[in-house]
Amino acid sequence: MFTEENGKIWLATGTERIYLEPKMANRHGLIAGATGTGKTVTLKVIAESFSEMGVPVFIADIKGDVSGMCLPGCENKHIRRSIDTMGIENFNYTSFPVRFFDVYAKLGHPVRTTISDMGPELLARLLDLNEIQSGVLRIVFRIADDNGLLLLDLKDLRSMLQFVADNANDYKIRYGNVSAQSIGAIQRALLTLEDEGGNIFFGEPALDIADWFDWGADGRGVMNILECAELFQHPLLYATFLLWMLTELYELLPEAGDLDKPKIAFFFDEAHLLFNDAPKALLEKVEQVVRLIRSKGVSVWFITQNPMDIPESVLA
């Protein structure tokens, strides 16, 4: 918990208190332990501490365990035992500024982006296209740009692919060869993404990720909670969202060096679900962000049962 007297996060008590220095908090974290050992409670306490420090927070909520932070807690014997054991004085239950998001727009603000904003490079990596197919996709985006056509959703992209295929000979000299086989392969990959719910994620209004950097009237960082109970049943759609989010975040923030505290903190609960059968493009992007984004003032936390659940390249 956050302690105002020294401005640090109080993690545990042994022979003496153990604190996490805010200046060190943008070094990334891992919370690991067997079921029932208190991983989610630890997540919530650390996330609340960041909020009290004035740091906005993003949490991928898998089980709906963290949504209750919008209301003050209630006394029970387990909480009372922890309070007494740690010797916490004048403990007050409080609510936190919370904002809910949901890709399916059922339990929170909708999370959407456009095909044009996603871009051909990320989309090609996500769909696991080969070099030739990726080149064709870049040509399709370039033709759309040159003609002032904004690709909003998967239907727009499908129509543009069909248009380019039908007029391939007209574009061959200026843009390069576009084969029907490559267009067909891209269409098949898009069909898989569409079946996973991609038609929900792509469209307008597009989310401005800068909106997550927000504070309550009292200066506490806003908790941005992404409802993931349904989303995690569609791993390709979740990978699509995460790939877009991390890329946008990395491009949005300038280099900051060592700050007194992070600009924002990200928590990914049940992280093993995130990496199970994840596309290679996602793992590469997560590894890149984890390695480089600390210098931009971002703190990333993974919560899982076993450290081996996290890919070695990310865990390193």
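Structure first, text after, so check above.
Computed from a predicted model, the values in this text were never measured in an experiment.

Conventions used here
- Per-chain numbering applies: the sequence of each chain, read as written, is numbered from 1 onward.
- Under the rules for a predicted model, residues below a pLDDT of 70 receive no local features and side-chain atom pairs below 80 are neither given nor counted, while totals for whole chains, interfaces and linings still include all residues.
- Hydrogen atoms and water are omitted, and side-chain values are computed over all heavy atoms in the structure.
- Grouping buried Ala, Val, Leu, Ile, Met, Phe, Trp, Tyr and Cys residues that are joined through side-chain atoms within 4.5 Å yields what is termed a nonpolar core.
- Throughout this description, buried means an accessible area under 20% of the type-specific maximum (1.4 Å probe, protein chains only), exposed means over 50%, and partly exposed covers the range between.
- Here a helix means four or more residues in a row that DSSP labels H or I, a strand means two or more in a row labelled E, and each is numbered from the N terminus.
- Should any heavy atoms of two residues lie within 4.5 Å, those residues are considered in contact.
- For two strands to be treated as a pair, DSSP must find no fewer than two bridges joining them.

Participant: Got a minute to help me understand the nonpolar core in this structure?
Facilitator: One recurring pattern in soluble globular proteins is that nonpolar side chains are buried together. Within the largest apolar cluster, 76 residues are counted, with the highest numbers of intra-cluster contacts made by Leu157, Trp212, Tyr238, Phe241, Met245, Phe268 and Phe302. Per-element tally for this core: the top contributor is helix 9 (residues 235-252), with 11 residues. In contact with Phe241, not counting residues within four places along its chain, are Phe58, Val111, Phe201, Trp212 and Leu226. Membership of the second largest hydrophobic core comes to 22 residues, among which are Ala47, Ile59, Ala265 and Ile303.

Participant: What am I meant to see in unusual backbone geometry here?
Facilitator: Negative phi values dominate among residues other than glycine, just as trans dominates among peptide bonds. Put simply, Glu204 and Pro205 share a cis peptide bond, and its omega is 5°. Mapped onto the secondary structure, Pro205 falls in the loop between helix 8 (198-201) and strand 8 (223-227). In the Ramachandran plot, Ala105 falls in the positive-phi region, its phi being about 55° despite a non-glycine side chain. In this fold, Ala105 is placed in the loop between strand 6 (98-102) and strand 7 (109-110). The class of Ala105 is partly exposed, set by a relative accessible area of 36%.

Participant: Could you clarify how one ought to interpret the pairing of strand 2 (residues 8-13) in this entry?
Facilitator: Remember that side chains alternate between the two faces of the sheet whenever the strand is regular. As judged from the 2 bridges shared by strand 1 (residues 2-3) and strand 2, these two strands associate in the antiparallel manner. Within strand 2, the residue paired with Thr3 across the bridge is Lys8. Counting the residues that bridge the hairpin from strand 1 to strand 2 gives 4 residues, and of these Gly7 lies at a positive phi of roughly 65°. Two strands pair when backbone bridges link them, and strand 2 and strand 3 (residues 17-20) are joined in this way by 4 bridges, in the antiparallel orientation. By the bridge assignment for strand 3, Ile9 is matched with Leu20. Between the antiparallel neighbours strand 2 and strand 3 lie 3 residues.

In short, geometric facts, not functional conclusions.
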